[in-house]
Amino acid sequence: MAVLRGPYFRTPPKITISFTESCNLRCKHCYADCGRSPSTRELGGAEWMRFIDYLLEHQFISVYFEGGEPLHRADFRDVLRHCARNLMTMVRTNGTLITRPVARDLRRCGVGIVLVDVMGARAGTHDWFTGVPGSFRKACGAIKLLQDEGIAAWMLTILNRRNAAELNEVLELAGELGVPRVGVLRLYPLGRAKQNWAQLSMSLDEQMRVIEGMRAPEGVHVMQSWHPRDKNCCWQSAAVNAYGDSIGCAYLREYVNYGNIRNVPFLETWKHPLYRELRAGRVEESCGGCEASEHTRGGCRSTAYAFHGRWDAPDPFCSNLNHGVDLRVLPSRPL
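Quick caveat, the model's predicted, so the values are computed rather than measured. (Residues numbered from 1 in each chain as written. Predicted model: local features only at pLDDT ≥ 70, side-chain atom pairs only at ≥ 80, totals over all residues. Heavy atoms only, no water.)

This part is about the pairing of strand 1 (residues 14-18). Counting buried positions along strand 1 yields 4 of 5 residues, so the element is predominantly enclosed. Inspection of the sheet shows strand 1 paired to strand 2 (residues 62-66) by 5 bridges, in the parallel sense. Its bridge partner lying in strand 2, T16 is registered against Y64. Bridging between strand 1 and strand 8 (residues 239-240) involves 2 bridges; their strand directions are parallel. Bridge pairing in strand 8 places I17 opposite V240. (Buried < 20%, exposed > 50% of the residue type's maximum accessible area, 1.4 Å probe, protein only. Helix = DSSP H or I, 4+ residues; strand = E, 2+ residues; numbered from the N terminus. Pairing = 2+ DSSP bridges.)

Between G67 and the following residue, G68, the backbone shows a cis peptide bond with an omega angle of 0°. Relative to the helices and strands, G68 resides in the loop between strand 2 and helix 2 (76-84). Phi is positive for D33, which is not a glycine, with a value near 50°. Among the structural elements, D33 can be located in the loop between strand 1 and helix 1 (45-57). Given the relative accessible area of 35%, D33 is considered partly exposed.

Quick look at helix 1 now. In an α-helix there are 3.6 residues to a turn, and that puts residues three or four apart on one side. Between its first and last C-alpha atoms helix 1 spans 18 Å; for 13 residues at 1.5 Å apiece the expected length is 18 Å, and the two agree. Along helix 1, the residues classified as buried are G45, W48, F51, I52, Y54 and L55. (Expected span 1.5 Å × (residues − 1).)

It is worth spelling out the packing of helix 4 (residues 123-130) against helix 5 (residues 135-148) at this point. Interhelical geometry of helix 4 versus helix 5 gives an angle of 105° and a closest axis separation of 8 Å. Taken together, helix 4 and helix 5 sit at an angle that is classed as roughly perpendicular. Of the residues in helix 5, those touching helix 4 at A123, H126, D127 and T130 are S135, F136 and A139. (Axes fitted to C-alpha atoms, helices over the stretch in contact; angles between N-to-C directions. Parallel < 35°, antiparallel > 145°, perpendicular 65-115°, else oblique. Contact = heavy atoms within 4.5 Å.)

Looking now at the packing of aromatic side chains. This structure, assessed with the given rule, holds 18 aromatic pairs. Taking the centre distance of 6.0 Å and the plane angle of 85° together, the rings of Y31 and Y188 count as edge-to-face. Separated by 157 residues along the polypeptide, Y31 in the loop between strand 1 and helix 1 and Y188 in the loop between strand 6 (181-185) and helix 7 (191-195) bring together distant segments of the chain. When its relative accessible area of 10% is taken as the criterion, Y31 is described as buried. Ring-pair connections join several aromatic residues into one group, and the members of that group are F19, W48, F51, Y54, F60, F65, F76 and F266. The ring centre of W154 lies 5.4 Å from the NZ or CZ of R181, which sits over that ring. The ring of Y275 has R279 lying over it, and the distance from NZ or CZ to the ring centre is 4.8 Å. (Phe/Tyr/Trp six-rings, centres within 6.5 Å; stacked < 30°, edge-to-face > 60°. Lys NZ or Arg CZ within 6 Å of the ring centre and 35° of its normal.)

This next bit is on the side chain of T16. Here T16 lies in strand 1. If we ignore the near neighbours within four places in the chain, the residues touching T16 are Y64, E66, A238, A239 and V240.

Quick look at helix 13 (residues 301-308) now. Counted residue by residue, helix 13 has 6 buried out of 8 residues, so it is predominantly covered. R301, S302, T303, A304, A306 and F307 are the residues of helix 13 that are buried. In this structure, the buried residues of helix 13 make contact with helix 8 (197-200) and helix 11 (273-280). Just downstream of helix 13 lies G309, where phi reads positive at about 75°.

Here you go:
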């Protein structure tokens, strides 16, 4: 079997911080299975600020904040303000906690891009996912409030059985709202999404018909990670969860723990044997089309491991690497 490998960094230039596992919504697809209140085990604001100072000291250039819902914690904007002074910052949010004063403060904090999750083109669909009536209206309203403050606002949506028929309408909604970029994301078997897999998942053929049928309006760019754009991000990925665990990528949150930054300097976790192995890009098989467009090999390691139980397995979300895997059926082994 040929051993294939991809590009690499000596140290990572960017990092994802899953700031909290608390949220004001109860989404059926939540990968963190968030609760209403932050855990006492989560890193405090002062700890996050010290970590950001560490990132600056070691020449990181970008931080992507997600949750849970980052704005659900009262100290998040203080941390964001501390971070955005010297680092490019992006924030993923459900948008429901963004009022005009909050949007104004986010501008003053210096945030670069805010990504708002919109799970459908209509309130009935979006609010079904979130479990909270009115969340669609607030999410769309948040986009306009951010734009009014001159903040770049993008949209994210997760393709699944419940919203697949509305995907082009979601893109049209983005155009109506003046959103320049929409990320169409795959559904991962994590958290509550795993619990609700039977009602949310789609076969790869079903997914590809939707992806190939996307028609974005003029001015809207679509980001997606299906063939021929399925990439292996591990070579550049770094992530820390709300408890300080180095997990490589937010989509690996249930599978790996390279060490806790309360006890180990982050770049020491970068040297963990499994972390090094995943970054090396050695895979059993790679798709030539995806490799040509993304310059990486093998596709996503999270879904490869979830469905095959091997870190070097092919990613079944790529149509050239699926080999008959039914993505509607999770493996019988524990995930």
